[in-house]
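# Residue-level structural notes
Here are the chains, one letter per residue:
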Amino acid sequence: MATAIPFFEQVNYNFDKAARFTQHPLDLLTQIKICNSIYHMTFPIKKDDGSIETIHAWRAEHSHHRLPTKGGIRYSTLVNEDEVMALAALMTYKCAIVDVPFGGAKGGIQIDRKKYSDSELERITRRYVYELARKNFIGPGIDVPAPDLGTGEREMAWIVDTYIQLTPEKLDARACVTGKPISQGGVCGRREATGRGVYFGLREVCSFAEDMKPLGLSVGLEGKSVVVQGFGNVGYHAAKFLQESGAVVVGLAEHDGGIHAPEGLDVEAVLAHRNDTGSILNFSGATTLQNPAEVLELECDILIPAALENQITGDNAHRIKAKIIAEAANGPTTAEANDLLAKRGVMIIPDAYLNAGGVTVSYFEWLKNLSHVRLGRVGRRFEETTHTNLLHVIEQATGKKLSEEEITKLGHGPDEEDLVNSGLEDTMIVAYNEIRETQKQCGEAVDLRTASFINAINEIAQSYMELGIFP
Ligand code: NAD
């Protein structure tokens, strides 16, 4: 088995590969690459049985070139300093790739969340926020967390509530975290955003005949076979939107095993089955695979790792049969596997681009919190009236009468969810075309990951140069 290269080193390997295609001086590249701040905290929590446990937690702010910094918080036993620094760096590049004006950050608490009661998890989360606040590592203009592996709306609600208690005088306090429930200042569409972004990204990637041809694939998502590893927030939503667009989900993996059905799995039915039984395994009509890693090696057009990092490695890369690897998770492919797969002509859509839907919609949520108004509230009714008036003028001019249903559909003014999804769709399309353009300019030696890093480096370098720090 190959020795595991530290995750942050792998991110930096990709950075260095891309930096060779830029003209920036070494000291500027070093400044971009380095992690600006890392805070390792330990604190005690009282368990329900009265015992005391010491918790290890981290927050890394990789780049302060734009503020606030932004990045998720994960609860996992695998969390460590190297991991949060690597994930924070990926956030910096991700934000630059999709033109979201944040530096990158990431946080994590080293726990197995399944081993704690809800009240213990609440105490751990609130104490974590308190520790961050004490060191000025959280705030609407400082560092804004979001959900990640093992966390969701509930944890974000505890975070915002704790922060508001600590800073009652701050008008913008709700913007201290994103991914909140709507009632706590969240935005419609955030829950689905990362998976929806994966879908928009893949749809764009598959729309170019000249890129699909060498893979032996036709244009579009219709009929493409898809395997998804991880049926959590990102994996479930990616699978759902892809299935709705005509793709066929043939395999799913979870931590306890996988399921396979070459003729297709009904994603909603699998979700219902898991809700009933606690597992996706033994789903009716599908073959159960005891080892989740086997699912990665199933025959398919598109493989979507949407669970953990380091899943596709030098050890299993030669057994991967997918033609496209769509990195919904952060860091699922090691640098070694990336190079082996690239040699075989497998197309890898990089994480820093493909899973950027979450941070994009988090940006919209942050803007909503700072403006203290629901997106679409001011203009929606006015737009609806204008559209309807226009339709009536057209009716009079053409003599054609539209039905009530047509008037309602065509006259519809955008609500918050429409605006969020439209902004997300636009972001994923524009960013992919920029990456593709860079790849075309640089030629064969550059894959999509390197092209996306080149774009990120150029964007960040520009902002440092505008500050006048570097020539
Ligand atoms: P999640 O906790 O909701 O889901 C992860 C799922 O993976 C869980 O259901 C878990 O049981 C499963 N899993 C764990 N080990 C597995 C294994 N060995 N094989 C198969 N499945 C396994 O987390 P999430 O928010 O969906 O995040 C998934 C990935 O996407 C992470 O890499 C995260 O950093 C990345 N990501 C998430 C967001 C977001 O908005 N949530 C944004 C960008 C990137």
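The structure this text deals with has already been given above.
In this text the structure is predicted, and so the values were computed from the model without any measurement.

Turning next to the overall build of the protein chain. The helix and strand inventory of the protein chain stands at 17 helices and 12 strands. Here the C-alpha radius of gyration of the protein chain, 23 Å, is about what a compact globule of 471 residues would show, namely 23 Å. Each principal axis of the C-alpha atoms in the protein chain carries an extent, and together these give about 75 × 60 × 55 Å. In the protein chain, which comprises 471 residues, the proportion classed as buried is 55%. Of all intrachain contacts in the protein chain linking residues separated by at least 6 positions in sequence, the fraction that spans at least 24 positions is 68%.

The omega torsion across Leu67 and Pro68 is 5°, close enough to zero to call that bond cis. On the secondary structure map, Pro68 appears in the loop between strand E2 (52-61) and strand E3 (69-75).

Next up on the list: the packing of aromatic side chains. As enumerated under the stated definition, the model contains 12 aromatic pairs in all. Judged by centre distance (5.0 Å) and plane angle (80°), the rings of Phe102 and Trp366 are edge-to-face. With Phe102 in the loop between helix H3 (81-97) and strand E4 (103-109) and Trp366 in helix H13 (residues 357-371), the pair connects residues that are 264 residues apart, well separated along the chain. The pair Phe102 / Trp366 is uniform in exposure class, with both members buried. Among the aromatic residues, those joined into a ring-pair cluster are Phe102, Tyr363, Phe364 and Trp366.

Sheet architecture is open: five strands sit in the order E1-E2-E4-E3-E5, paired in mixed fashion. The open sheet has two free edges, formed respectively by strand E1 (37-46) and strand E5 (143-147), since each of these has just one partner strand. Neighbour-to-neighbour, the strand axes of the sheet open up by a mean angle of 20°, direction not taken into account. By the bridge criterion, 10 bridges tie E1 to E2 in an arrangement that is antiparallel. Across the sheet, Phe43 pairs through a bridge with Ile55, a residue of E2. Of the strands in this sheet, E1, E2, E3 and E4 are in contact with H3, which crosses E4 at around 150°.

Now for the nonpolar core. The biggest cluster of nonpolar side chains holds 98 residues, and the ones touching the most others in it are Ile32, Tyr93, Leu202, Leu252, Ile304, Ile324 and Tyr353. Looking at which element gives the most residues to this core, the answer is H3, with 12 residues. For this core, the two domains that each supply at least three residues are domain 1 (38-184) and domain 2 (187-376 + 414-471).

A separate point is the site of the ligand. With respect to spatial proximity, 23 residues lie near the ligand, and among them Arg74, Asp148, Thr194, Glu254 and Asn330 are the closest. Gly150 is positioned with one of its backbone polar atoms (N or O) 3.0 Å from an oxygen atom of the ligand. The separation between a nitrogen atom of the ligand and a polar main-chain atom of His255 is 3.4 Å. Put simply, the parts of the chain that give the shell around the ligand at least two residues each are helix H6 (190-205), helix H8 (233-244) and strand E7 (248-254). Of the residues contributing to the shell around the ligand, the split by class is 10 nonpolar, nine polar and four charged.

For Thr450, the position within the fold is in helix H17 (residues 448-466). When sequence neighbours within four positions are dropped, the list of residues in contact with Thr450 reads Lys17, Ala18 and Phe21.

Cut-offs and rules
Within every chain, residues take consecutive numbers counted from 1 along the sequence as written. In keeping with the model being predicted, local features are shown solely for residues with a pLDDT of at least 70 and side-chain atom pairs are shown and tallied solely at 80 or more, while totals for entire chains, interfaces and linings include all residues. Water and hydrogen atoms play no part in the side-chain values, which are based on all heavy atoms of the structure. Only runs of H or I of at least four residues qualify as helices and only runs of E of at least two qualify as strands under DSSP, and these elements are numbered from the N terminus. In this description the radius of gyration comes from C-alpha coordinates, and the expected globular size is given by 2.2 Å times residues to the power 0.38. Exposure is judged per residue with a 1.4 Å probe applied to protein chains only, and the accessible area is read against the type maximum: over 50% gives exposed, under 20% gives buried, and values in between give partly exposed. Here, two residues are considered to be in contact whenever any of their heavy atoms come within 4.5 Å of each other. Note on aromatic contacts: the rings of Phe and Tyr and the six-membered ring of Trp form a pair at centre separations within 6.5 Å, being stacked when their planes are under 30 degrees apart, edge-to-face when over 60 apart, and tilted otherwise. The pairing criterion is simple: DSSP has to find at least two bridges between the two strands. Comment: axis = line fitted to C-alpha atoms, over the contacting stretch for helices; angle = value between 0 and 180 degrees taken between N-to-C directions. Residue types Ala, Val, Leu, Ile, Met, Phe, Trp, Tyr and Cys, when buried and joined through side-chain atoms within 4.5 Å, form a set referred to as a nonpolar core. Domain delimitation follows an automatic or database domain assignment. Near, as used in this document, describes a residue that has one of its heavy atoms within 4 Å of the molecule or strand being considered. Think of a polar contact as two N or O atoms within 3.5 Å of one another; within protein, one of them needs to be a possible hydrogen donor and the other a possible acceptor, and neighboring residues in sequence only count if both atoms come from side chains. Classification convention: Asp, Glu, Lys, Arg as charged; Ala, Val, Leu, Ile, Met, Phe, Trp, Tyr, Cys, Pro as nonpolar; all other residues, Gly among them, as polar.

By themselves, these are just geometric observations and shouldn't be taken as functional.
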